[in-house]
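# Residue-level structure breakdown
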Amino acid sequence: MSQSRLLSGAEACANTASGFALSWMAGMIVYPMLGWPISAGQNTAVVLVFTAISLLRSYLWRRLFNRVRSC
């Protein structure tokens, strides 16, 4: 049985939410180590952009794999 679109979206959101938290923490450590001072707000903006990209990517890959599996 194929996963519904709603469940695909929920899974992608759960996966991406954990990635958001980890990326935000990593950004606060890594950017200054590279000599790029960054505020919490700037880091949040960067992470939000990449989070949106990741969410879309996860959802599209899930839908593709469900389509291939149902053929």
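Worth saying up front: this structure is predicted, and the values here are computed from it rather than measured. (Residues numbered from 1 in each chain as written. Predicted model: local features only at pLDDT ≥ 70, side-chain atom pairs only at ≥ 80, totals over all residues. Heavy atoms only, no water.)

Take A52: it is sitting in helix α2 (residues 40-70). On the basis of relative accessible area, A52 is assigned to the partly exposed category, the value being 46%. (Helix = DSSP H or I, 4+ residues; strand = E, 2+ residues; numbered from the N terminus. Buried < 20%, exposed > 50% of the residue type's maximum accessible area, 1.4 Å probe, protein only.)

Residues annotated by UniProt as "transmembrane region" (unreviewed entry) correspond here to residues 12-34 and 40-60. Strand forms 0% of residues 12-34 and helix 96%; the C-alpha atoms that close the span are 30 Å apart. Regarding residues 40-60, the helix share stands at 100% and the strand share at 0%, and the terminal C-alpha atoms are separated by 30 Å. (UniProt positions renumbered as here; feature names shortened; annotations may be inferred.)

In total, this model carries two aromatic pairs according to the counting rule given. Ring centres of W61 and F65 lie 6.0 Å apart, and the angle between their planes is 50°; on these two criteria the pair is classed as tilted. In this pair, W61 and F65 are both assigned in helix α2, four residues apart and thus about one turn of the helix distant. Judged by its relative accessible area of 56%, F65 is exposed. (Phe/Tyr/Trp six-rings, centres within 6.5 Å; stacked < 30°, edge-to-face > 60°.)

What follows covers the pattern of salt bridges. Here the structure, examined in full by the defined rule, presents one salt bridge. For E11, the salt bridge is made with R62, and the minimal N-O distance between the two is 2.3 Å. Taken together, the residues span a long stretch of sequence, with E11 in helix α1 (residues 5-33) and R62 in helix α2 at a distance of 51 residues. Taking the relative accessible area as the measure of exposure, E11 reaches 36% and is therefore partly exposed. Given a relative accessible area of 31%, R62 falls into the partly exposed group. (Salt bridge = Lys/Arg side-chain N within 4 Å of Asp/Glu carboxyl O.)

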